[in-house]
Amino acid sequence: MVLDRLLELPDELLLIWHSHRVPVLLSAVSLAVLIHLTIYFRSRREKISVSPAPSSPIEKKGIELRPEWLPENTTVITPAPNVDNHAEDPVVAVPVVKVKKGPKTVKGKKVPKRRTTPATNFDHKTDKVQPLVFFQSLSGTTERYATELVKTLTEWTSGCDQSTSFLEPQIHDLSYIEYDDYFLTPPKTDANVKHFYIILLPTYNIDTVLDNFLENLQETHNDFRIDTAPLSGLLGYSVFGFGDKEDWPTEEEGFCSQAREVDKWMARLTGRKRAYPLGVGDVKSDVDARLGEWRVGVQEALVELAEGRGLGEGVPGSGDPAESDEEEDISEDSDSGSGTPKPRKATRVDDVEDLGSMVNSDSSTPIPVDFTSYKSKSSKPVSAPKEMVPVTSPTHAALTKQGYTIIGSHSGVKICRWTKSALRGRGSCYKYSFYGIQSHLCMEATPSLSCSNKCVFCWRHGTNPVGTTWRWITDAPELIYDGITTAHYKKIKMMKGVPGVRAERFAEAMRIRHCALSLVGEPIFYPHINELLSIMHANRISTFLVCNAQHPAQLASLIPVTQLYVSIDASNKDSLRKIDRPLHRDFWERFTTCLDILRQRRFEQRTVFRLTLVKGFNMAEEVRGYADLVERALPGFVEVKGVTYCGTSAAGSAGLTMQNVPFYEEVAAFVSALAEELKSRDLNYGIAAEHAHSCCVLLADSTRFKKNGQWATRIDFERFYELNEGLVEGTRTDESGKVVGWRPEDYVGAETPEWALWGNGGFDPRDVRVWRKGKGPKTEQGVEPAKEGVAVVEI
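Described in the following lines is the structure provided in the data block. Predicted, not measured: the structure shown is a model, and the values here were computed from it.

Here we come to the overall build of the chain. For the chain, the count of helices and strands is 20 helices and 25 strands. Put simply, the chain has 795 residues, and 46% of those count as buried. Long-range contacts, defined as pairs at least 24 residues apart, comprise 76% of the intrachain contacts of the chain with a sequence gap of at least 6. For the chain, the accessible area works out to roughly 42100 Å², and carbon and sulfur atoms hold 52% of it.

The structure is reproduced here in structure tokens:
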């Protein structure tokens, strides 16, 4: 084809082609080569950092200046070596000589100390290094960086020359671990496995699990029962912090402040085993570059550890720096020839009585004291209380997305799914079967979204704040009451257009009759809980309050409520620690103290043990342990309920899956065994009622809550209000027989209906049981056909 076209060209063009074809072809080839080379060199980028080659290190030599060579009154300062990721040549450290001005104050000679911090009992020939990466994340950014870091370290450790010395890095979320398993002592594994901690942390101005982690480190350091450096068995550690310089431009204003605090406390707990300095990065600018540089430094430290060289010389970043403003400040200068260090700087005097210990009896010169002002360089301003859940916080956004309405800064309300069910005539929750509380008349709220436990079965784990002490701005009880009731009515009104809602129940729901103070968080944590309860009682709203048995002081001072619940999620200390994951160190002592308080107050108000059964955690061979707790507190009722799996990733991370959800038959068998155990101890408890729909069974004290041989577990709410307001007299008396109050027996309601009794299922026949197709009750012909418009599992 091409040849034919060439033959058609004029003779002149053919002549030109034959005369110049060689130069034309050479020029075209040269131009193509030039373009290719230009594109190739422009596409190459300079690498920010590279992983260090784990080859034999080159010994760094420094110039040693003997003291006799130096002028009098001088100090030798050796700067920290800069890390050059590309350097392969020997580095010579040149000391800086600083000449002090002024009169001579030092006599004698002192050679600067050279200390090393070797790895603890690490044999590089037989031992293995186990890197552990810890992180805490609320929005997911830190988790993403931690996951990428673990992937990079895994590839590096498997391909370096010391690969046989490293185990595969592991990753842990600080929200879902037991601190005592990792930060009280190093993990207990093979004797030849040594651990190295890598910690990645964000910075928040709201209360998160990170605050509790910091508090735990500080408590561990200050606990006299624990060794000064309980984590000294670690090979080393390093911390990286993520911050935002737009909101916190400087360190003093909070940039990466929480990472700096963790770095400080880890240095103390490990005996100053900081393997690489604290890294910080701005998430809106340079975090990738800073994290890459820090990672390379950490890898270099791991190489040195794997080769048996420990953490190196005692310079900043090697594990031997003085720690912040709380360390002893020992001067390098000393008195003439005595070798005695100068005393520490004067500490603050806050009380005139403290002056007594400072006065030298041999001195006739009085100590001058300025009472007008005092400012310490190390003193930190006391921060003002902050909001528990600020409107702009991710916690607020997460809870709002889940259907909560946040009231003020620390309270919340949410419409229950059973309320929606009752409005449509599809059944109420177990409280109606047991106590006569219709779900569409009940409000579920809490005055404190914060909790002191991190239960594995918590529906909102990871989104609600945590804490052991109340340190937030406190809203008035009137504001909370007005806010939660208004928000609840608003949510009820939103149900008006939902198909199936019954008009009469919708009208009834516009008058709140009951309040379940549970929801999420710890209601008893709120400082003005008694005032809030009084407002509800004055408005003829019954109160069902649930607490986690971790606040005995608040429990002892609580005014009588309609019914008081205490969550009993385990029968022994070890099981309670694993399932509730309490933040208090003395959680078991607090737990047992609350049981004793419950026993003392069992004749003042209705008391309930709430047992949440989690298969694999608190069911196997714990019947006797639960019976011990019942015998200790003697509650009026014991509710036993199977855990509800919410199906969230948070629950899976906490170790909870569908395999941990017991079947109702398993719950019923457990309750039967518990009832038999209590009976063998001559305790008058029997199985009173059930609500199979909720996988819940009720045990009750038969001597107190039976009428004419029939169970009477329901409540006479009007009678409760009259007793509370003093309109009628109770029957509780003192030793002299004088009436001093009322008892739970004074407001026992009607007999428990037959359909709610043990063995009858507990579903109100006046409501309509709804099944989804293929899940209904069996008939002789198979599955009963679903009605038109009716869905298929029970709702």
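After that view of the structure, there is still more to cover.
One pass over the structure, following the stated rule, counts 30 salt bridges. A salt bridge links E725 to R540; the shortest N-O distance between them is 3.1 Å. Taken together, the residues E725 in the loop between α20 (717–724) and β22 (732–733) and R540 in the loop between α13 (529–538) and β14 (542–547) connect sequence positions 185 residues apart. R681 is the salt-bridge partner of D628, the closest N and O atoms lying 2.5 Å from each other. With D628 in helix α17 (residues 623–633) and R681 in the loop between α19 (664–680) and β18 (685–691), this residue pair connects regions lying 53 residues apart in the sequence. Owing to a relative accessible area of 19%, R681 belongs among the buried residues under this scheme.

A few words on the sheet that holds strand β5 (residues 128–135). Pairing between the strands of a sheet comes from backbone hydrogen bonds, and it takes one of two forms, parallel or antiparallel. On the basis of which strands lie adjacent, the open sheet formed by five strands has the order β6-β5-β7-β8-β9 and parallel pairing. Each of the sheet's edge strands pairs with one partner strand only, and the pair in question is β6 (170–173) and β9 (279–282). When strand polarity is set aside, the average angle formed by the axes of neighbouring strands in this sheet is 20 degrees. Note that β5 and β6 share four bridges and pair parallel.

Let us look at the packing of aromatic side chains. For the coordinates displayed, the defined rule picks out 27 aromatic pairs. Judged by centre distance (5.1 Å) and plane angle (55 degrees), the ring pair of F134 and F183 falls under tilted. With F134 in strand β5 and F183 in the loop between α4 (179–182) and β7 (193–201), this pair connects stretches of sequence that are 49 residues apart. We classify F134 as buried; its relative accessible area is 0%. F183 sits in the buried class, given a relative accessible area of 0%. For the ring pair F434 and Y435, a centre distance of 5.8 Å and an interplane angle of 85 degrees mean the geometry is edge-to-face. In this pair, the class of F434 matches that of Y435, namely buried. Among the aromatic residues, ring-to-ring pairing joins Y430, F434, Y435, F544, Y565, F637 and F705 into one connected group. The residue whose ring lies beneath R144 is Y145, and the NZ or CZ to ring-centre distance is 4.7 Å.

Our focus in this paragraph is the pairing of strand β17 (residues 637–642). Here β17 lies mainly inside the structure; six of its six residues are buried. Going residue by residue along β17, you find F637, E639 and K641 tucked away on one face and V638, V640 and G642 tucked away on the opposite face as well. Bridging between strand β16 (residues 606–613) and β17 involves six bridges; their strand directions are parallel. What sits directly across from F609, in β17, is V638. The β-α-β motif built from β16, the intervening α17 and the parallel element β17 has right-handed crossover chirality.

Position of K431 relative to the elements: it lies in helix α10 (residues 430–435). Buried K431, no salt bridge; nearest opposite-charge side chain is E444, N-O distance 6.1 Å. Among all residues touching K431, those that are not within four sequence positions of it are G436, I437, A516 and F544.

Phi at R272 is positive, roughly 60 degrees, even though this residue is not glycine. Structurally, the position occupied by R272 is in the loop between α6 (257–269) and β9. Assessed through its relative accessible area of 26%, R272 is described here as partly exposed. Even without glycine at this site, D682 takes up a positive phi of about 60 degrees.

Our next topic: the sheet that holds strand β11 (residues 411–414). The mixed open sheet is built from 10 strands, whose spatial order is β10-β11-β12-β13-β14-β15-β16-β17-β19-β18. Among the strands making up the open sheet, the edge pair consists of β10 (405–407) and β18. On average, each strand axis in the sheet is tilted by 25 degrees relative to the strand beside it, whichever way the strands run.

A few words now on α6. In this model α6 runs 19 Å from its N-terminal to its C-terminal C-alpha over 13 residues, within 8% of the 18 Å that 1.5 Å per residue would give. Along α6, the positions that sit buried rather than exposed are Q258, A259, V262, D263, K264, W265, M266, A267, R268 and L269. Against β7, α5 (209–222) and β8 (236–243) lie the buried residues of α6.

For soluble globular proteins, the rule of thumb is that nonpolar side chains tend to be buried together. I568, F609 and L611 are the most contacted members of the largest nonpolar core, which has 80 residues in total. In this structure, V133, W294, V303 and L305 belong to the second largest nonpolar core, which totals 30 residues.

Any two packed helices are characterised by how steeply their axes cross, that is the angle between the axes, and by the distance between the axes. Closest axis-to-axis distance for the helix α16 (residues 587–600)/α17 pair is 7 Å, and the angle between their directions is 45 degrees. Looking at the two axes, α16 sits oblique to α17. On the side of α16, the interface is formed by F591, T592, L595, D596, L598 and R599, while α17 contributes L629, E631, R632 and A633. Each residue belonging to the contact of α16 with α17 can be placed in one class, and the counts come to five nonpolar, one polar and four charged.

Parameters and conventions
- Residues numbered from 1 in each chain as written.
- Predicted model: local features only at pLDDT ≥ 70, side-chain atom pairs only at ≥ 80, totals over all residues.
- Heavy atoms only, no water.
- Helix = DSSP H or I, 4+ residues; strand = E, 2+ residues; numbered from the N terminus.
- Buried < 20%, exposed > 50% of the residue type's maximum accessible area, 1.4 Å probe, protein only.
- Contact = heavy atoms within 4.5 Å.
- Areas by Shrake-Rupley, 256 points an atom, 1.4 Å probe, with all protein chains shown as cover.
- Salt bridge = Lys/Arg side-chain N within 4 Å of Asp/Glu carboxyl O.
- Pairing = 2+ DSSP bridges.
- Axes fitted to C-alpha atoms, helices over the stretch in contact; angles between N-to-C directions.
- Phe/Tyr/Trp six-rings, centres within 6.5 Å; stacked < 30°, edge-to-face > 60°.
- Lys NZ or Arg CZ within 6 Å of the ring centre and 35° of its normal.
- Right-handed = clockwise from strand over helix to strand, strands pointing away.
- Lys, Arg positive; Asp, Glu negative; His and termini not counted.
- Expected span 1.5 Å × (residues − 1).
- Core = buried A, V, L, I, M, F, W, Y, C linked by side-chain atoms within 4.5 Å.
- Parallel < 35°, antiparallel > 145°, perpendicular 65-115°, else oblique.
- Nonpolar A, V, L, I, M, F, W, Y, C, P; charged D, E, K, R; others polar.

So yeah, pure geometry; function would need other evidence.
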